[in-house]
Amino acid sequence: MREYKIETTVNDQMVEIPDGEIELRDDRIKQKWTVMIESFLLSKFAVTQDLYLEVTGKAPSTFQGTKHPVETITWKEAVVFCNSLSIKLNLEPCYCFNDDDAEINFDQTANGFRLPTEAEWEYACKAGASGIRYGELDAIAWYKGNSAQQTHPVGTKEPNAWGLYDMLGNVWEWCTDLYDTDVYGSYRIFRGGGWCDEERSVMATTRRRSHPFSFKIDDLGFRIAKSKPRGQ
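Colleague: Requested: an account of the overall build of the chain, with residues and values cited.
Modeller: Looking only at helices and strands, the chain has six helices and twelve strands in total. Expected size for 232 residues packed as a compact globule is a radius of gyration near 17 Å; at 16 Å, the chain falls within 12% of this value. Evaluated residue by residue, the chain yields a buried proportion of 53% over its 232 residues. Taking all contacts inside the chain whose residues are at least 6 apart in sequence as the whole, residues at least 24 apart take part in 63%. As displayed, the chain offers around 10600 Å² of accessible surface, 46% of which is attributable to carbon and sulfur atoms. When the 27 positive and 36 negative side-chain charges of the chain are each reduced to one mean point, those points stand 2 Å apart.

Colleague: Any chance you could break down unusual backbone geometry for me, citing the residues and the numbers?
Modeller: For Asn-90, which is not glycine, the phi dihedral falls at a positive 60°. With respect to the helices and strands, Asn-90 occurs in the loop between helix 3 (75-88) and strand 5 (95-97).

Colleague: Could you give me a rundown of the sheet that holds strand 12 (residues 225-227), with the residues and numbers involved?
Modeller: Taken in spatial order, the four strands of this open sheet run 1-4-12-7, and their pairing is antiparallel. At either margin of the open sheet sits one strand with a lone partner, and together these are strand 1 (14-17) and strand 7 (113-114). When strand 1 meets strand 4 (residues 40-43), the two strands line up antiparallel, connected through four bridges. Pairing of Met-14 across the sheet is with Ser-43, part of strand 4. Packing of helix 4 (residues 118-126) onto the sheet brings it into contact with strand 1, strand 4 and strand 7, and relative to strand 4 it is tilted by some 70°.

Colleague: Account for the packing of aromatic side chains, with residues named and values stated.
Modeller: Inspection of the entire model under this criterion finds 13 aromatic pairs. On the basis of an interplanar angle of 85° and a centroid distance of 6.1 Å, the ring pair of Trp-75 and Tyr-95 is categorised as edge-to-face. Taken as a pair, Trp-75 in helix 3 and Tyr-95 in strand 5 lie far apart in primary sequence, 20 residues in all. Ring centres of Phe-81 and Phe-222 lie 5.4 Å apart, and the angle between their planes is 65°; this geometry places the pair in the edge-to-face category. Separated by 141 residues along the polypeptide, Phe-81 in helix 3 and Phe-222 in the loop between strand 11 (220-221) and strand 12 bring together distant segments of the chain. Taking relative accessible area as the criterion, Phe-222 reaches 0% and is therefore assigned buried. Among the aromatic residues, those joined into a ring-pair cluster are Trp-172, Trp-174, Phe-190 and Phe-215. Across from the ring centre of Trp-75, 4.1 Å away, lies the NZ or CZ of Arg-188, which sits over that ring.

Colleague: An account of the nonpolar core is requested, with residue identities and associated values reported.
Modeller: By size, the foremost hydrophobic cluster in this structure holds 28 residues, and its most contacted members are Phe-81, Leu-85, Leu-115, Phe-222 and Ile-224. Secondary-structure elements contributing two or more residues to this core are helix 1 (3-13), helix 2 (49-56), helix 3 and strand 8 (172-178). Per element, the largest residue contribution to this core is six residues, and it comes from helix 3. Each residue touching Phe-81, except ones within four places of it in the same chain, is listed here: Val-47, Leu-51, Tyr-52, Val-55, Thr-56, Phe-222 and Ile-224.

Colleague: Any chance you could break down helix 4 for me, citing the residues and the numbers?
Modeller: Within helix 4, nine of the nine residues are buried, which leaves the element mostly enclosed by the surrounding structure. Among the residues making up helix 4, those that are buried are Glu-118, Ala-119, Glu-120, Trp-121, Glu-122, Tyr-123, Ala-124, Cys-125 and Lys-126. After helix 4 finishes, the residue Ala-127 shows a positive phi value of roughly 50°.

Colleague: Now, about the sheet that holds strand 8: what can you tell me, with residues and values included?
Modeller: Read from one edge to the other, the open sheet built from four strands follows the order 10-9-8-11, with strand pairing classed as mixed. In this open sheet, the two edge strands, each paired with only one partner strand, are strand 10 (207-210) and strand 11. Bridging between strand 8 and strand 9 (residues 188-191) involves three bridges; their strand directions are antiparallel. Each residue of the ladder has a partner; that of Leu-178, found in strand 9, is Arg-188.

Colleague: Got a sec to walk through the environment of Ile-104? Specific residues and values, please.
Modeller: Looking at where Ile-104 falls in the secondary structure, it is placed in strand 6 (residues 104-106). For Ile-104, a relative accessible area of 16% corresponds to the buried category. Between the C-alpha atoms of Ile-104 and Lys-76, which are 28 residues apart in sequence, the distance is 9.4 Å. Contacts of Ile-104, omitting those with residues within four sequence positions, involve Trp-75, Lys-76, Tyr-95, Cys-96, Phe-97, Arg-188 and Phe-213.

Conventions we followed
Residues numbered from 1 in each chain as written. Predicted model: local features only at pLDDT ≥ 70, side-chain atom pairs only at ≥ 80, totals over all residues. Heavy atoms only, no water. Helix = DSSP H or I, 4+ residues; strand = E, 2+ residues; numbered from the N terminus. Rg over C-alpha atoms; globule rule 2.2 N^0.38 Å. Buried < 20%, exposed > 50% of the residue type's maximum accessible area, 1.4 Å probe, protein only. Contact = heavy atoms within 4.5 Å. Areas by Shrake-Rupley, 256 points an atom, 1.4 Å probe, with all protein chains shown as cover. Lys, Arg positive; Asp, Glu negative; His and termini not counted. Charge placed at Lys NZ, Arg CZ, Asp CG, Glu CD. Pairing = 2+ DSSP bridges. Axes fitted to C-alpha atoms, helices over the stretch in contact; angles between N-to-C directions. Phe/Tyr/Trp six-rings, centres within 6.5 Å; stacked < 30°, edge-to-face > 60°. Lys NZ or Arg CZ within 6 Å of the ring centre and 35° of its normal. Core = buried A, V, L, I, M, F, W, Y, C linked by side-chain atoms within 4.5 Å.

Put into structure tokens, the structure is as follows:
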């Protein structure tokens, strides 16, 4: 895969998500809040192993397959991928951090690739649906009941109304956001459920979190987002 092929592949997969708003909730603290969403771009697929290998030269996944989602990835590795892809395509990196991980700054106005915010993720997942899922579970997601205990190639289940695949199931997806710094410090959020989760966990509203630099597991990956230029 040559560099121009990376650009073509990535750009062809980016879907424009419209403006809107989403109500988030945290069952742990029994709170709800509304977030306004500005139009942005989101990949229709989770990052696949072939793309991750081409950008980083690494193949970390537990379940191997070029079109399977990359997994066994920390949050830090996901944002390093975003920065590396941005640099390859002559875009501005969205993340700035020190080698010792002491501080990470996120610039949502940069024109490079990034992880979606939690609000963007849930808004895009629901795609205008009002329920906890955008379709019947077996039709849209790989989860414990149908996965045969492994990941599957992306895009093999039905998409949501905005053409996004595997927003639920297959692998959880890292988001940019911190969870609750007062309680959990630097923990970051991930969403969506994975191949080994029971039905009750595979919902658009389910929130989980873990350590951004050390936590990695075989049902956790990511997909890339991109802010639109101002005025577009």
